[in-house]
Amino acid sequence: MISPTPLRLNNKDFFDTLGTACAEGSEISFVPSGMSMYPFIVGGRDTVVLSAPRDISKGDIVAACIPPHGECVLHRVYKVHGDELTLMGDANLVAVEKCTLGDVVAKAVTIIRNGRRVSQSARRERLAAAAWIAMRPLRKPVLYMVRLWNR
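Let me begin by describing the structure that accompanies this report. (Residues numbered from 1 in each chain as written. Predicted model: local features only at pLDDT ≥ 70, side-chain atom pairs only at ≥ 80, totals over all residues. Heavy atoms only, no water.)

Notes on the pattern of salt bridges
Step number 1: Under the definition given, this model contains five salt bridges.
Step number 2: Residue Arg126 is joined to Asp60 by a salt bridge in which the shortest nitrogen-to-oxygen separation is 2.5 Å. Within this pair, whereas Arg126 is found in helix H2 (residues 123–134), its partner Asp60 is found in the loop between strand S2 (47–51) and strand S3 (61–66), the two being separated by 66 residues in sequence.
Step number 3: Salt bridges here are not isolated pairs; linked through shared partners, they connect Asp60, Lys107 and Arg126. (Salt bridge = Lys/Arg side-chain N within 4 Å of Asp/Glu carboxyl O. Helix = DSSP H or I, 4+ residues; strand = E, 2+ residues; numbered from the N terminus.)

Shown next as structure tokens:
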């Protein structure tokens, strides 16, 4: 069996390609390099599987291009107000991004952690995301302890 050769694209080109492929019905998997979604997604280790952005709700992880400069992020939806979304990385303490549903190019459907496929629609994952969102004021000490534990 031939293993695929990793394709390296800059962030904007990747999100453009991702949006097109997901709109055509494909699922795209990639290994993110950043740590903004730690501890739920570990950059360089976990694989994220993305598909078309359907039924976006609070707690979902989405790939979006943030206006006005088109910065592309993979972050969690913290608030939905009509067509407007507030996104935040799980490791972020205060920084948020605002976008619309039209700015979302894909939605995470599965995270592969240490070789195990974890569905993002699974009840356990939804509860963990809701708890993490609710813990926002306590996030700094919790992140510190998780990082110490995972060393």
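Some remarks on the nonpolar core
Side chains of a nonpolar character, in soluble globular proteins, are inclined to be buried together.
Step number 1: Judged by nonpolar contacts, the single largest core of 18 residues is most densely connected at Phe15, Leu18, Val48, Leu50 and Leu74.
Step number 2: Taken together, the elements giving at least two residues each to this core come down to helix H1 (11–23), S2, S3, strand S4 (71–81) and strand S7 (104–113).
Step number 3: Beyond its immediate chain neighbours, meaning those up to four positions away, Leu50 contacts Leu18, Cys22, Ser26, Glu27, Ile28, Phe30, Leu74, Ala106, Lys107 and Ala108. (Core = buried A, V, L, I, M, F, W, Y, C linked by side-chain atoms within 4.5 Å. Buried < 20%, exposed > 50% of the residue type's maximum accessible area, 1.4 Å probe, protein only. Contact = heavy atoms within 4.5 Å.)

Structural notes on the pairing of strand S6 (residues 97–100)
Step number 1: Judged by which residues are buried, S6 turns out to be one-sided: Glu97 and Cys99 face inward and are buried, whereas Lys98 and Thr100, on the alternate face, are not.
Step number 2: Two strands pair when backbone bridges link them, and strand S5 (residues 84–88) and S6 are joined in this way by four bridges, in the antiparallel orientation. Looking at the pairing, Thr86 lines up with Lys98 of S6. (Pairing = 2+ DSSP bridges.)

Description of the state of the cysteines
Two cysteines joined by a covalent bond between their sulfur atoms form a disulfide.
Step number 1: In the structure shown here, the tally under the stated rule is zero disulfides.
Step number 2: Cys22 takes part in no disulfide bond, and the closest cysteine sulfur, belonging to Cys65, lies 12 Å away. (Disulfide = S-S within 2.5 Å.)

Some details on helix H3 (residues 139–149)
Step number 1: Within H3 the residues assigned to the buried category are Arg139, Val142 and Leu143. Axial view of H3: buried residues confined to an arc of 100°, hence all on one face. When the buried face of H3 is taken as reference, the exposed residues oriented beyond 90 degrees from it are Lys140, Tyr144 and Met145.
Step number 2: Tucked into the core, H3 has its buried residues touching S4, S5 and H2. (Arc of directions from axis to C-beta.)

Let's talk about the environment of Val31
Step number 1: Considering the arrangement of structural elements, one finds Val31 in the loop between strand S1 (28–30) and S2.
Step number 2: The exposure class assigned to Val31 is partly exposed, which follows from its relative accessible area of 45%.
Step number 3: Val31 sits 14 residues away from Arg45 along the chain, and the two C-alpha atoms are 6.8 Å apart.
Step number 4: Setting aside residues up to four positions removed in sequence, Val31 forms contacts with Gly44, Arg45, Asp46 and Thr47.

A word on the packing of aromatic side chains
Step number 1: Across all of its chains, the model carries one aromatic pair by this definition.
Step number 2: Each ring, one from Phe40 and one from Trp132, has its centre 5.8 Å from the other, and the planes form 70°; the classification is edge-to-face. Of the two residues, Phe40 sits in the loop between S1 and S2 while Trp132 sits in helix H2, which places them 92 residues apart along the sequence. Pair check on accessibility: Phe40 and Trp132 agree, each one buried.
Step number 3: The ring of Phe40 carries Arg76 above its face, with NZ or CZ at 4.9 Å from the centroid. (Phe/Tyr/Trp six-rings, centres within 6.5 Å; stacked < 30°, edge-to-face > 60°. Lys NZ or Arg CZ within 6 Å of the ring centre and 35° of its normal.)

Focus: the side chain of His75
Step number 1: Topologically, His75 is positioned in strand S4.
Step number 2: For His75, a relative accessible area of 5% translates into the label buried.
Step number 3: At a separation of 2.9 Å, a polar atom in the side chain of His75 contacts the side chain of Ser36.
Step number 4: Here the side chain of His75 touches Glu97 through a polar contact of 2.8 Å, side chain to side chain. (Polar contact = N/O pair within 3.5 Å; in protein donor to acceptor, adjacent residues only side chain to side chain.)

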